[in-house]
Amino acid sequence: MAPATSSAITLNINGEKYTLPVDHRTTLLDALRERLDLTGTKKGCDQGQCGACTVLLDGRRALSCLQLAVAAEGREVTTIEGVADGERLHPVQQAFLDLDGYQCGYCTPGQICSALAVIEEHAAGWPSAVTADVRPEAEVPPLTADEIRERMSGNLCRCGAYVSIVRAVERAAQAQTAESGTQTEGAAA
């Protein structure tokens, strides 16, 4: 008897559960775009080199063109469609809009999903290739333009909007820091 080549899976995407039959070779990107009509995630190179298909998988960046849909079962998938709070844009989305962190917009969903992860990774103290002091006891370095460029380097923009993208990530990180500082101060009061 030949092994099964397809099965029904349940994906948790943007807080909603979707059950669908898939061929085991179906990528998460193709399941999102072709099976669930979540077309915000873009297909760029289809080889994991451009970052256009970046989504968050359990809060961490993932290239959905390299991730099999069956391997995402039981994990929390966040696409660009799940970033905003209803009609209210996420601060990262708002910063991209305010600072022209996009031109044609094709790479923007992947850039925004990566930026969300970059800000969280930095806040958690994860070093990058340009972090000067990577000792565990070292303080978290500031999220400088060099840090952002290095951390976002897996996301390509054919239009060359990199300067605005870096500025947008900087602004969103500052807004998040200010918001969490306000929450921390309020919690202490």
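Residues numbered from 1 in each chain as written. Predicted model: local features only at pLDDT ≥ 70, side-chain atom pairs only at ≥ 80, totals over all residues. Heavy atoms only, no water.

Engineer: Looking at this structure, how should I read the pairing of strand 1 (residues 6-13)?
Structural biologist: Working note: regular strand, side chains alternate between the two faces of the sheet. Strand direction decides the pairing type here: strand 1 and strand 2 (residues 16-23), joined by 8 bridges, are antiparallel. What sits directly across from L11, in strand 2, is Y18. The hairpin formed by strand 1 and strand 2 contains 2 residues between the paired strands, and N14 there has a positive phi angle of roughly 50 degrees. In this structure, strand 1 lies alongside strand 5 (residues 76-78), joined through 2 bridges in parallel fashion. Across the sheet, residue N12 finds its bridge partner in strand 5, namely E76. (Pairing = 2+ DSSP bridges. Helix = DSSP H or I, 4+ residues; strand = E, 2+ residues; numbered from the N terminus.)

Engineer: Any chance you could explain the environment of M152 here in plain terms?
Structural biologist: Counting through the fold element by element, M152 comes out in the loop between helix 4 (145-151) and helix 5 (162-188). Sequence separation between M152 and V169 is 17 residues, and the spatial gap between their C-alpha atoms is 9.5 Å. The contact partners of M152, leaving out residues within four places of it in the chain, are Q111, S114, A115, V118 and I165. (Contact = heavy atoms within 4.5 Å.)

Engineer: What exactly am I supposed to notice about the confidence of the model for the protein here?
Structural biologist: The predicted coordinates should not be examined in detail at positions where pLDDT is low. Summarising the model, the protein shows a mean pLDDT of 93, and 95% of its residues fall at 70 or more. Confidence drops under a pLDDT of 50 for residues 183-189, and excluding neighbours within four residues, the segment shows 0 contacts in the predicted structure. (pLDDT = per-residue confidence, 0-100.)

Engineer: Would you explain the side chain of S164 in this entry?
Structural biologist: Its location among the elements puts S164 in helix 5. With residues near it in sequence (within four places) discarded, S164 still touches L99, D100 and G101.

Engineer: So what exactly am I meant to see when it comes to unusual backbone geometry here?
Structural biologist: Its identity is not glycine, yet N14 carries a phi of approximately 50 degrees, on the positive side. For N14, the location among the structural elements is in the loop between strand 1 and strand 2. Using a relative accessible area of 24% as the deciding quantity, one classes N14 as partly exposed. Unlike most non-glycine residues, D58 shows phi in positive territory, near 55 degrees. Along the chain, D58 turns up in the loop between strand 3 (54-57) and strand 4 (60-63). (Buried < 20%, exposed > 50% of the residue type's maximum accessible area, 1.4 Å probe, protein only.)

Engineer: Which parts of the structure should I look at to understand the nonpolar core?
Structural biologist: Within soluble globular proteins, side chains that are nonpolar generally end up buried alongside one another. V92, F96, I165 and V169 are the most contacted members of the largest nonpolar core, which totals 25 residues. Residues contacting V169, with those up to four places away along its chain left out, are F96, A115, V118, I119 and I148. Within the second largest apolar cluster, 16 residues are counted, among which are L11, I13, A31 and A72. (Core = buried A, V, L, I, M, F, W, Y, C linked by side-chain atoms within 4.5 Å.)

Engineer: I keep staring at the environment of D23 and nothing clicks. Help me out?
Structural biologist: Within the secondary structure, D23 sits in strand 2. Residue classification places D23 among the partly exposed residues on the basis of a relative accessible area of 24%. Along the backbone, D23 and V77 are 54 residues apart, and their C-alpha atoms lie at a distance of 19 Å. With residues up to four places along the chain from it excluded, the contact list for D23 reads T5 and S6. At 2.7 Å, the side chain of D23 forms a polar contact with the backbone nitrogen of R25. (Polar contact = N/O pair within 3.5 Å; in protein donor to acceptor, adjacent residues only side chain to side chain.)

Engineer: Hey, could you run me through the sheet that holds strand 5 in this one?
Structural biologist: Picture the strands of a sheet paired through backbone hydrogen bonds; they go either parallel or antiparallel. If you trace the 5 strands from one edge of the open sheet to the other, you get 2-1-5-3-4, paired in mixed fashion. The outermost strands of the open sheet, each flanked by one partner alone, are strand 2 and strand 4. Going from strand to strand, the sheet's axes swing by 40 degrees on average, the running direction of each strand aside. Packed on one face of the sheet, helix 1 (residues 28-35) meets strand 1, strand 2, strand 3 and strand 5 and runs near 105 degrees to strand 2. Packing of helix 3 (residues 108-123) onto the sheet brings it into contact with strand 3, strand 4 and strand 5, and relative to strand 3 it is tilted by some 40 degrees. (Axes fitted to C-alpha atoms, helices over the stretch in contact; angles between N-to-C directions.)

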